[in-house]
Amino acid sequence: MDYLAALGKPCRILPALMALGTFAWVAGAGSATAQDQSPLAKRLFAEAPRAWSRQQQFFLTLQGSNNGERRVLYDGKWTNQPGKTFFKQYDGNMLTESANFESGSWKGIVEGVNSQYVFMLARDSDTKPWVITKVDKRGEEWQNVWNSRTKIFPDLLIAPRTPPLHEIFQSKKFRCISVEPERTNDEDLVRLTFTFSPEGSVRLKGGWLVLDPAHFWVIRKGETEQDLGEKNEGTAKWTVQYDYKEGSRNHPIITKTVMKGKFWQKGQVIAEQLFTGNYDLQERASIPESEFTLTAYGLPEPHWARPKKTISSLWRWLGIAGIACLVLGAGVFWFKRRRAAGGL
């Protein structure tokens, strides 16, 4: 799709704010080098890739919501699209519930995946019940979806339609210009300046990012530049800023993101975009599969789905009571035998 033509089109808030990485492009198997660079640059190249991998594994343990907004100025008109998202994932099970405010009501969809089936729900208003629109047996292709989900997280997104930083960093088209210390609000951060060779749908040209080495080298703020495509003259500049709270083992948990874009042609601003997101995320290391099913929404399971081998609470307690009765009976019998043997 043409970059400029896509500016004014509506989009769901989930891709815009939570999963911009769905536009991620695997940028190549090459890796940047820190040869002949400063000690700080060598530290960045040595630590950051491993830190990003650990932060991604931590992100998979988070669940929660993101409330945000997309504002677009195009053809002299501003459009506004509020949206909200809830998501969770665990051990190949995935659930995403998203809604956009359209025509005076929240229109929502749910996409769920568990070990047996994939389902989709929809509703035209948050006052109406969910309706099943799709139920299919889970195929092997969903393993690839899970693998993609484990590689994308918002801490390293620098602009829409652009690969996340960990893929940019490993690309042969990436070139490190400088790595310098930056002191901000009594924090020791690092400013990375780089260039990138645009190609195909990835129009990134370069920019700078301030990273947090004390918290897994996540992005705190930055500015990047893109061109508008091979058939369009002009440039786009994106700024991004992230806020975090402290999670376990020093992992940062994203709380807010602000992403702004301006688009120039012939020295004039022709469009603007603004994405904002407010996250409420919690750590949850283990989630039962029952939370990724139709039953979790009060809907019937597919007739062909294998029933779970579980013992109801009633039968469990009856079993415990039966064992207690047997033990008590054996105790009474033993006591009576002792009394009879003693002539009592």
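Please read these numbers as outputs of a predicted model, since none were measured by experiment.

Caption draft 1: Inspection of the overall build of the protein at higher detail. Per the secondary structure count, the protein includes five helices and 13 strands. Considering only residue pairs separated by 6 or more positions, the protein has 53% of its internal contacts joining residues 24 or more positions apart.

Caption draft 2: Fine view of helix H2 (residues 39-59). With 21 residues, H2 extends 29 Å from end C-alpha to end C-alpha; this agrees with the ideal 30 Å at 1.5 Å per step. Taken together, the buried positions of H2 are Leu 40, Ala 41, Leu 44, Phe 45, Ala 48, Ala 51, Trp 52, Gln 55, Gln 56, Phe 58 and Phe 59.

Caption draft 3: How the structure looks around unusual backbone geometry. Unusually for a residue other than glycine, Asp 75 sits at a positive phi of about 55°. Relative to the elements of secondary structure, Asp 75 occurs in the loop between strand S1 (62-74) and strand S2 (77-90). Overall, the relative accessible area of 63% leaves Asp 75 in the exposed class. Of note, Phe 216 is a non-glycine position whose phi angle comes to about 65°, a positive value. Position of Phe 216 relative to the elements: it lies in the loop between strand S9 (204-212) and strand S10 (218-227).

Caption draft 4: Region of the structure containing the pairing of S9. The element S9 is extensively covered by neighbouring structure, given that seven of its nine residues are classed as buried. Examined bridge by bridge, strand S8 (residues 187-196) and S9 share six bridges and lie antiparallel to one another. Bridge pairing links Phe 194 to Gly 207 in S9. Two strands pair when backbone bridges link them, and S9 and S10 are joined in this way by eight bridges, in the antiparallel orientation. Pairing of Leu 204 across the sheet is with Gln 226, part of S10. What sits between S9 and S10 in their antiparallel hairpin is a turn of five residues, with Phe 216 showing a positive phi close to 65°.

Caption draft 5: Representation of the pattern of salt bridges in the model. According to the stated counting rule, one finds twelve salt bridges in the structure shown. The closest approach of N and O atoms between Arg 43 and Glu 47, which form a salt bridge, is 3.1 Å. Of the two residues, Arg 43 and Glu 47 both sit in helix H2, four residues apart, roughly one turn of that helix. Residue class for Arg 43 comes out partly exposed when judged on its relative accessible area of 35%. Here Arg 183 and Asp 188 are joined by a salt bridge, their closest N and O atoms 2.6 Å apart. You can call Arg 183 exposed: its relative accessible area is 52%.

Caption draft 6: Up close: the pairing of strand S12 (residues 252-265). Here strand S11 (residues 235-246) pairs with S12 via twelve bridges, running antiparallel. From the neighbouring strand, Glu 246 faces S12, where its bridge partner is Pro 252. The pairing of S12 with strand S13 (residues 268-283) spans ten bridges and is classified as antiparallel. Opposite Met 259, over in S13, you have Phe 275 as the bridge partner. Where S12 folds back onto S13 in an antiparallel hairpin, the turn is made up of two residues, including Lys 266, whose phi is positive at roughly 55°.

Caption draft 7: Molecular detail of the confidence of the model for the protein. Residues with a pLDDT of 70 or more make up 79% of the protein, whose mean pLDDT is 85. Helix H1 (residues 13-18) is the least confidently modelled element of the protein, averaging 40 in pLDDT, while strand S5 (residues 117-123) averages 98, the highest of any element. For residues 12-32, every residue scores under 50 in pLDDT, and the model assigns this stretch 60 contacts once sequence neighbours within four places are set aside.

Caption draft 8: Up close: the environment of Glu 111. Summarising the element assignment, Glu 111 is placed in strand S4 (residues 105-113). Residues Glu 111 and Met 94, spaced 17 residues apart in sequence, show a C-alpha to C-alpha distance of 7.9 Å. With near-sequence residues (within four places) excluded, Glu 111 lies in contact with Met 94, Leu 95, Thr 96, Phe 119 and Met 120.

Caption draft 9: Looking closely at the packing of aromatic side chains. In the structure shown here, the tally under the stated rule is 14 aromatic pairs. Centroid distance Trp 238 to Phe 275: 6.1 Å. Interplanar angle 20°. Geometry classified as stacked. Separated by 37 residues along the polypeptide, Trp 238 in strand S11 and Phe 275 in strand S13 bring together distant segments of the chain. For Phe 275, a relative accessible area of 4% translates into the label buried. Ring pairs connect the aromatic residues Phe 45, Trp 52, Phe 169, Phe 174 and Phe 194, which therefore count as one cluster.

What counts and what doesn't
Residues numbered from 1 in each chain as written. Predicted model: local features only at pLDDT ≥ 70, side-chain atom pairs only at ≥ 80, totals over all residues. Heavy atoms only, no water. Helix = DSSP H or I, 4+ residues; strand = E, 2+ residues; numbered from the N terminus. Contact = heavy atoms within 4.5 Å. Expected span 1.5 Å × (residues − 1). Buried < 20%, exposed > 50% of the residue type's maximum accessible area, 1.4 Å probe, protein only. Pairing = 2+ DSSP bridges. Salt bridge = Lys/Arg side-chain N within 4 Å of Asp/Glu carboxyl O. pLDDT = per-residue confidence, 0-100. Phe/Tyr/Trp six-rings, centres within 6.5 Å; stacked < 30°, edge-to-face > 60°.

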